[in-house]
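Each chain is listed here by its residues.
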Amino acid sequence: MIRILDKNVADKIAAGEVIDRPVSIIKELVENSIDAGADSITVEIRNGGKSYIRVTDNGCGIAGEEIPAAFMRHATSKIEKVEDLDNIETLGFRGEALASICAVSRVEMVTRRAEDRKGTRVVAEESEVKDMRGTGCPEGTTITVRDLFFNLPARLKFLSSDASETRRITDMLSRMAMSYPDIRISFISGGKGVFTTSGKGNFLNNIVSIYGAETGKYLIPVTGDEDGMVLRGFVSNPSYTLSSRNRQIYCVNGRVVSSDVMRRGLEKGYRERLMQGRFPVAFLFLSVPGDTVDVNIHPAKKEVRFGDVFRVEDFISEAVARGLRGEEGVTRAVPETGPAEVPKLTAKPEIREEEKQVDIKQILSTVRHENTPQPVVREEPVEIPPVRKEFDFDSLEIRGTVFNTYIIAQNEDSFFMIDQHAAHERIFYEKMKNQYAASEKLSQQLLTPLSIVLPPDAAASEERWLPQLRKLGYGAEFFGDSTYLIREIPAFTEVEEAEDFLRDFVASLEDRIDVTDRKAIDRIIMRACKASVKGGDRLEPEEAVSLINQLKRCENPFSCPHGRPTFIRLRKYEIEKMFRRV
Ligand code: ADP
Ligand code: MG
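Residues numbered from 1 in each chain as written. Chains lettered and ligands numbered in written order. Predicted model: local features only at pLDDT ≥ 70, side-chain atom pairs only at ≥ 80, totals over all residues. Heavy atoms only, no water.

Enquirer: Could you clarify how one ought to interpret the overall build of the chain in this entry?
Expert: Across its full length, the chain holds 17 helices and 24 strands. If you take every contact in the chain between residues at least 6 apart in sequence, the share linking residues at least 24 apart comes to 71%. Carbon and sulfur atoms make up 51% of the accessible area of the chain, which totals about 27900 Å². (Helix = DSSP H or I, 4+ residues; strand = E, 2+ residues; numbered from the N terminus. Contact = heavy atoms within 4.5 Å. Areas by Shrake-Rupley, 256 points an atom, 1.4 Å probe, with all protein chains shown as cover.)

Next up, the structure:
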C-alpha cells in the first residue's frame with residue numbers, strides 16, 4: 001500500500017539529508033551567522049556537540065513575527081524567485097537548515113534586530129514551535145541546540161566518540177575561520193577555549209590564533225605570480241611535519257576548499273625533502289581568474305575544479321620548491337615532533353621578534369580582505385613582493401668535522417651541521433640521474449673488468465636491460481654462460497660503488513623488475529646511492545669544501561633522496577637563547 005508519510009516522519013527523513021552529525025549543524029548555524037552579516041561568532045559545544053551546541057552572533061537578527069517561518073522547511077529570506085538562483089551571494093538559500101535541525105533536536109533561539117527594542121525567545125522541538133515570547137537580549141542571534149537525535153536513537157548510535165566529533169568540529173571551524181579572517185570566530189569546547197581569531201583580517205595572525213604560536217614559528221612564506229595566478233601562503237620547514245595531512249589548508253579565490261591538485265602541487269614541491277609518512281603543514285591561498293576555476297558549492301564538501309590542472313599543480317609545486325630552496329627552507333635544528341593534533345588554546349596571537357625577519361607579517365597584511373564579510377568569491381589583491389632569499393652556499397665557512405660524520409660550518413647568522421653521508425648520497429643520486437638523462441656519458445675504463453652473472457634467461461632479453469645499463473654509463477659485453485664483463489663504469493663512481501650498483505641491478509633483473517621503466521631505474525639508483533655511502537670516513541678540509549661545492553650544484557641540495565636532511569641549521573639567536581643570553 002502506498003501511503004503519504006505523516007509530516008513528522010517526512011521531516012525526520014529530510015532532516016537526515018542535511019544533518020548527519022554535530023559538525024553539520026554547526027556548519028549550517030555558522031553559515032547563517034555569516035549570511036546575517038555578523039562579524040563576531042561564538043561557538044560553544046559540549047560532548048562533541050551531541051548534548052549541547054550554542055552559536056551566538058552579532059548579525060542582523062530576525063523579526064519576531066518571522067521566526068516561525070524561519071523554522072519551516074523551504075523557508076528562506078535569501079531568495080524569492082527562480083532567477084535569484086543564478087545570483088546567489090549567500091551561503092544558504094535552501095531554507096532547510098533550521099527546519100532540519102529542529103526536527104531532530106531541541107532548539108532554542110534568542111534574537112533581536114538592531115531596530116527592535118525587544119528581542120524574542122523561541123523554543124522549538126520536533127519541528128514545532130513550543131513557546132515564543134518577548135525578551136531582553138543583545139543584538140544578534142543565539143541558537144542553542146540540545147540533545148541531538150534524541151528522537152532518532154539509531155542515528156545517535158551512529159555518531160562517533162565525543163573526542164572524534166569534537167575533532168571534526170575543530171577542523172571544520174578552523175577552516176571556516178581561515179576563510180573568514182574578517183570575522184572574529186571563537187570556539188569553546190567543554191567550557192574551554194579552543195581558539196579565538198581576531199577578525200582583523202591578517203592571515204598569519206589567524207594561523208597563529210587557530211593553530212598556535214608553535215606552528216607560526218616554523219612557517220616559510222611561499223609566493224608565486226604567473227599568468228594571472230597568484231599564490232600566497234606558508235608551508236612548514238621540513239623540520240616541522242605531521243603524520244597526517246590534517247593541517248593543509250587550501251583556499252581558492254577566498255574560499256577554503258579541498259583540492260587534490262593543490263595537494264599534489266604542495267607535495268611535489270617538497271619532493272625528497274620529507275621522510276615517508278610525514279606531511280607538511282601548509283596554508284595556501286590561491287587566486288586564479290574566475291573563468292579558469294569552478295568552485296562547486298556543494299553543501300557538504302567544497303570541491304574545486306581547475307581548467308588546467310597540470311598548470312596549477314606545477315605553479316604550486318614550483319612556488320613551494322622555491323620557498324624551500326631559500327634560506328628559510330634549510331631544515332632547522334628541532335626534533336621532528338610536529339604540532340599537537342588538536343589546536344591548543346593560545347592566549348594571544350603573538351608573532352615573535354625573530355619571525356619578523358622574513359617580513360611575512362607585512363606581506364600578509366597586503367593580502368587582507370575588505371572589512372565587511374563577503375561570503376561569495378573574493379579576489380585577493382595582487383601587489384605582494386615575493387620574498388625569497390636564495391641560500392648562499394658561498395657564505396659558508398667550514399669549521400671542521402665532528403664524529404667523522406658531520407661537517408661544521410657557519411655563515412653570518414647561522415650554525416650548520418652537514419651530514420657528509422646524506423650529502424654524498426644526494427650528490428651521487430643526482431649525478432646518476434643526470435648521467436642517465438644525458439646524451440653523452442661520462443665513463444671511465446677499468447683496467448681489470450668486473451664480471452657479473454645474470455639470471456639464465458637474461459642474455460635472451462639483453463635488448464631490454466643492456467641499453468639501460470649503457471645509459472647509466474656502464475659498458476657491458478657478453479662473456480658466455482650468463483656472464484657479462486663490465487669494462488666501463490661511470491666516471492664519478494669508485495669501483496666498489498660500481499660493484500654494489502651492479503649487484504642491485506642484477507637483483508632487480510632476478511626479481512623480474514621491468515628495468516625499462518623509468519621509475520624502476522629511479523629506485524635502483526636510489527638504492528645504489530644508499531649503498532654507496534661509506535661510514536665514518538674522515539674528510540680532509542679540502543674534501544669537505546669540495547663536498548659542499550658539489551651540493552651547491554645539486555638541484556635539491558638540502559636532503560638526501562630519501563628525505564633525510566643534509567643540512568641542519570641553528571640560528572645564532574637560537575643558540576643565544578639556549579645560553580640565556582637573550
Ligand atoms: P537558509 O539559510 O537556506 O535561508 P535556514 O533554514 O538556514 O535557511 O535559515 C532560514 C532563515 O532564517 C534564513 O533565510 C534567515 O532569514 C533566518 N536566519 C537563520 N539564522 C539566522 C541568523 N543567525 N541571523 C539572522 N537570520 C537568520
Ligand atoms: Mg542556512
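Past the structure itself, the notes keep going.
Enquirer: Looking at this structure, I do not really get the side chain of threonine 42. What am I missing?
Expert: Summarising the element assignment, threonine 42 is placed in strand E1 (residues 40–46). The exposure class assigned to threonine 42 is buried, which follows from its relative accessible area of 18%. Look past the residues within four positions of threonine 42 in its chain and what remains in contact with it is Arg54, Val55, Thr56, Ser186 and Ile188. (Buried < 20%, exposed > 50% of the residue type's maximum accessible area, 1.4 Å probe, protein only.)

Enquirer: How should I be thinking about the site of ligand 1 in this particular structure?
Expert: If you check the shell around ligand 1, you find 18 residues, and the closest are Asn32, Thr76, Ser77, Lys78 and Gly95. In the environment of ligand 1, an oxygen atom lies 2.8 Å from a nitrogen or oxygen atom belonging to the side chain of asparagine 32. With respect to ligand 1, the side chain of serine 77 contributes an N or O atom lying 2.5 Å from an oxygen atom. Isolated, ligand 1 exposes 530 Å² of accessible area, and the fraction of that covered by the protein chains is 92%. (Near = heavy atom within 4 Å. Polar contact = N/O pair within 3.5 Å; in protein donor to acceptor, adjacent residues only side chain to side chain.)

Enquirer: Even after reading the chapter, I still don't get the sheet that holds strand E24 (residues 567–571), so can you show me in this structure?
Expert: Strand-to-strand pairing in sheets goes through backbone hydrogen bonds, with the strands running parallel or antiparallel. Read across the sheet, 4 strands follow the order E18-E19-E20-E24 without closing on themselves; strand pairing throughout is antiparallel. Since the sheet does not close on itself, it has two edges, and those belong to strand E18 (397–402) and E24, each with one partner. Ignoring strand direction, the axes of neighbouring strands in this sheet form an average angle of 20°. Judged from the 5 bridges that link them, strand E20 (residues 414–419) and E24 form a sheet pairing that is antiparallel. Directly across from methionine 417, in E24, lies its bridge partner isoleucine 568. Most of the contacts of helix H12 (residues 420–437) go to E20, to which it runs at about 65°, and overall it touches E18, strand E19 (406–410) and E20. (Pairing = 2+ DSSP bridges. Axes fitted to C-alpha atoms, helices over the stretch in contact; angles between N-to-C directions.)

Enquirer: How should the packing of H12 against helix H16 (residues 541–552) be read in this particular structure?
Expert: The packing of two helices is summarised by the inter-axis angle and the distance between the axes. Their axes nearest at 10 Å, the elements H12 and H16 cross at an angle of 45°. One element, H12, and the other, H16, form an angle in the oblique class. You can see that H12 and H16 cross each other, and the crossing is left-handed. Mapping the contact onto sequence places Gln420, Ala423, His424, Arg426, Ile427 and Lys431 in H12 and Leu547, Gln550 and Leu551 in H16. Its residues assigned to classes, the contact of H12 with H16 shows 4 nonpolar, 3 polar and 2 charged. (Parallel < 35°, antiparallel > 145°, perpendicular 65-115°, else oblique. Left-handed = near helix turned anticlockwise from the far one by under 90°. Nonpolar A, V, L, I, M, F, W, Y, C, P; charged D, E, K, R; others polar.)

Enquirer: In this structure, what is going on with the environment of glutamate 488? I would like to understand it.
Expert: Its location among the elements puts glutamate 488 in strand E23 (residues 483–490). Of the residues examined, glutamate 488 reaches a relative accessible area of 28% and is grouped as partly exposed. Each C-alpha atom, one on glutamate 488 and one on proline 449, is 7.7 Å from the other, the two residues being 39 residues apart in sequence. What glutamate 488 contacts, discounting residues up to four positions off in sequence, is Ser443, Gln444, Gln445, Gly473, Tyr474 and Gly475.

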